[in-house]
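# Chain and residue survey
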Amino acid sequence: PTKQDLLGQHWVITAGPTMEAIDPVRFISNHSSGKMGYALAAAAQARGAKVTLVSGPTQLDAPQGVQRIAIKSAGDMLAACRDAMSKPADVFIGAAAVADFRMKEVASQKMKKTGDSDEMQLTLVKNPDVIATLSQEKAAKCMVGFAAETQDVIAYAKSKLERKGLDLIIANDVSRSDIGFNNDDNQVTVLSKDQQWTPPKGAKSALAKELVELIIQYQSTQS
Ligand code: C5P
């Protein structure tokens, strides 16, 4: 049996893509299966944590015993997270692929092709950075983010860790076709301000257990 060392802790985890409406039938989104976030939710729950999973649209079933809150847009995701952490959580993990931009104004009717132009322009505005905002608000004692990069993985992850005010960042090389995105396998490097760890490559479910263990170890060095 898994040891129940997270009893009494509340973990909030985001997962999946966000979906930003263009008009009633179209949207802007990201590639994300949600598998990594769901696996983390299951792993934290298995060790006794109360887990709230704030999830964009995915094909996945909510893990046993995890409270899933289904959202679509980044704005909804931020609101749901704030709601879940009105009392600060122990750990927040941002595993969602949040859309960076949304429509400045969502069209209320289906946008029509016009005969006179082969081009079409959409005006987008920046979405809030969910994890950076929550980090500033001290929504959780330990803030963990992801950094999916295609080059200079460690350097970019390090700068994100600092810019977003995170405790830990989990860096993922998404240029490799054998890991990440829709894959069941993943390999990551975890960075804190002054340390770095590379758990073995493996199934997202096994990796999630390693990552939960690492977060627990990190928590114990902070208190
Ligand atoms: O988009 P970026 O690579 O900066 O994402 C890194 C981390 O920030 C991820 O943990 C992601 O879930 C989070 N993020 C967020 N809100 C955004 C963009 C990214 O929470 N608008």
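Everything that follows concerns the structure shown earlier in this document.
These figures come from a predicted structure and were not determined experimentally. (Residues numbered from 1 in each chain as written. Predicted model: local features only at pLDDT ≥ 70, side-chain atom pairs only at ≥ 80, totals over all residues. Heavy atoms only, no water.)

## Overview of the overall build of the protein chain
Scanning the protein chain from N- to C-terminus turns up 5 helices and 14 strands. The C-alpha radius of gyration of the protein chain comes to 18 Å, within 12% of the 17 Å expected for a compact globule of 223 residues. For the protein chain, the C-alpha atoms occupy an extent of roughly 65 × 35 × 30 Å along the three principal directions. Within the protein chain, the fraction of its 223 residues that count as buried is 46%. Looking at the protein chain alone, contacts between residues at least 24 apart form 61% of all its contacts between residues at least 6 apart. Of the roughly 12100 Å² that the protein chain leaves accessible, carbon and sulfur atoms contribute 48%. Where the 26 positive side-chain charges of the protein chain centre and where its 25 negative ones centre are 3 Å apart. (Helix = DSSP H or I, 4+ residues; strand = E, 2+ residues; numbered from the N terminus. Rg over C-alpha atoms; globule rule 2.2 N^0.38 Å. Buried < 20%, exposed > 50% of the residue type's maximum accessible area, 1.4 Å probe, protein only. Contact = heavy atoms within 4.5 Å. Areas by Shrake-Rupley, 256 points an atom, 1.4 Å probe, with all protein chains shown as cover. Lys, Arg positive; Asp, Glu negative; His and termini not counted. Charge placed at Lys NZ, Arg CZ, Asp CG, Glu CD.)

## Digging into the sheet that holds strand β4 (residues 50-55)
Taken in spatial order, the 8 strands make up an open sheet running β5-β4-β1-β6-β9-β10-β12-β13, and their pairing is mixed. Only two strands of the sheet have a single neighbouring strand rather than two, namely β5 (67-70) and β13 (196-197). Direction of pairing for strand β1 (residues 10-15) relative to β4: parallel, over a ladder of 6 bridges. Along β4, the bridge assignment pairs Trp11 with Val51. Against the sheet, helix α4 (residues 153-163) contacts β9 (140-149), β10 (168-173), β12 (188-191) and β13, and its axis sits at roughly 150° relative to β10. (Pairing = 2+ DSSP bridges. Axes fitted to C-alpha atoms, helices over the stretch in contact; angles between N-to-C directions.)

Taken by themselves, the reported measurements are silent on function.
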